[in-house]
Amino acid sequence: LNFGHKNNSANNKNPHVYHETVRTKSGSTGNGEDRIASLAADHAARGIDPPEVFSVIDLANLTDRHQERTASFHLEEAERFMCHGAPRTMIEMTIDDMTGLSIGQQLLKYSIATP
């Protein structure tokens, strides 16, 4: 696989799931260009090589068929990381946030998956 090929680039305004090879970090972003610029500034501040980022999934180019086939799977898999409702205290929010997904992501998935 040619990770440097233009089709694997996250250097555009699309949302991506990406992998950065210098520090071997993965993540997601709503705007590939902005994330690469942020990573470049962070790498420069740390005195390490510029980031080498490739797109694992270009979310703007998923077909409706793929979205329909994968949505239920992702929600089922995310269920184990979801909070069981909106937190009522700061301690509940902190504990929920420490389980892996951010509290915002947990609440979003909870609101989608819960009737």
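Just above sits the structure.
Residues numbered from 1 in each chain as written. Predicted model: local features only at pLDDT ≥ 70, side-chain atom pairs only at ≥ 80, totals over all residues. Heavy atoms only, no water.

**Quick look at the overall build of the protein chain**
Here is the rule we go by: Going along the chain from the N terminus, every DSSP run of H or I of four or more residues is numbered as a helix, and every run of E of two or more is numbered as a strand. Two things to know: the radius of gyration comes from C-alpha atoms, and the globule rule equals 2.2 Å times the number of residues to the power 0.38. Buried means the residue's accessible area, taken with a 1.4 Å probe over protein chains only, is under 20% of the maximum for its type, while exposed means over 50%, and partly exposed covers the values in between. Contact criterion: two residues are considered in contact whenever any of their non-hydrogen atoms come within 4.5 Å of each other. Here the accessible surface of atoms and residues is derived via Shrake-Rupley with a 1.4 Å probe, and residues count as covered only by protein chains that are part of the display. By the counting scheme adopted, Arg and Lys are positive, Glu and Asp are negative, and His together with the chain ends is not counted. For the purpose of locating charges, the reference atoms are NZ of Lys, CZ of Arg, CG of Asp and CD of Glu.
From N to C terminus, the protein chain includes 4 helices and 3 strands. For the protein chain, the succession of helices and strands along the chain, N to C, is β-β-α-β-α-α-α. The C-alpha radius of gyration computed for the protein chain amounts to 17 Å, which surpasses the reference 13 Å derived for 115 residues by more than 25%, pointing to a less compact arrangement than a globule. By the burial criterion, 22% of the 115 residues in the protein chain qualify as buried. In the protein chain, once contacts between residues fewer than 6 apart in sequence are set aside, the share between residues at least 24 apart is 45%. Total accessible area on the protein chain is roughly 8200 Å²; 55% of this is exposed by carbon and sulfur atoms. Placing the 11 positive and 15 negative side-chain charges of the protein chain at their respective mean positions leaves the two points 2 Å apart.

**Examining unusual backbone geometry**
Positive phi, normally seen in glycine, also occurs at Thr24, with a value near 50°. Following the sequence through the fold, Thr24 ends up in the loop between strand E1 (16–20) and strand E2 (25–29). In this structure Thr24 comes out as exposed when scored by relative accessible area, which is 59%.

**Considering a nonpolar patch on the surface**
Rules: The patches reported here contain residues having more than 30% relative accessible area and no salt bridge. Joining distances are 9 Å for like charges and 5 Å for nonpolar side chains (Val, Leu, Ile, Met, Phe, Trp, Tyr). Note on definitions: salt bridges are taken to be side-chain nitrogens of Lys or Arg within 4 Å of carboxyl oxygens of Asp or Glu.
A grouping of Val56, Ile57, Leu59 and Leu62 is seen on the molecular surface, where their side chains present a nonpolar patch of about 290 Å² in accessible area. Within the secondary structure, Val56 is located in strand E3 (residues 53–58).

**Quick look at helix H4 (residues 103–113)**
Owing to its 3.6 residues per turn, the α-helix aligns residues three or four sequence positions apart on the same side. Short version of the rule: Summarising the geometry, the arc corresponds to the directions from the helix axis toward the C-beta atoms.
Of all the residues in H4, the buried ones are Ile103, Gln106 and Lys109. Summarising the axial view, the buried residues of H4 lie within an arc of 130°, below the 170-degree limit, and thus occupy one face.

**Observations regarding the pairing of E2**
Rules: We call two strands paired when DSSP finds no fewer than two bridges between them.
As defined by bridge partners, E1 adjoins E2 across 5 bridges and the pair is classed as antiparallel. Counterpart to Glu20 in the pairing with E2 is Lys25. Turn length for the E1-E2 hairpin, with the two strands adjacent in sequence and antiparallel, is 4 residues, and the turn residue Thr24 shows positive phi of about 50°.

**Structural notes on the layout of surface pockets**
Note the following rule: Both cavities and pockets are sets of points on a 1 Å grid over the protein atoms alone; in a cavity a 1.4 Å probe fits but cannot get out, in a pocket the set is open with protein on both sides within 12 Å along at least five of seven lines, and lining residues sit with an atom within 4 Å of a point. Grid points are joined across faces, edges and corners, and a volume is the space filled by probe spheres set on the points. Amino acids are sorted into nonpolar (Ala, Val, Leu, Ile, Met, Phe, Trp, Tyr, Cys and Pro), charged (Asp, Glu, Lys and Arg) and polar (every other residue, Gly among them).
Computed from the structure, the largest pocket encloses a volume of approximately 910 Å³. Along the walls of the largest pocket sit 24 residues, with Val17, Leu59, His74, Gln105 and Lys109 positioned nearest its centre. Contributing elements (two or more residues each) for the lining of the largest pocket: E2, helix H2 (64–78) and H4. The greatest single-element share of the lining of the largest pocket, amounting to 9 residues, is contributed by H2. Residues that form the lining of the largest pocket fall into these classes: 12 nonpolar, 9 polar and 3 charged.

The values are spatial; any link to function lies outside them.
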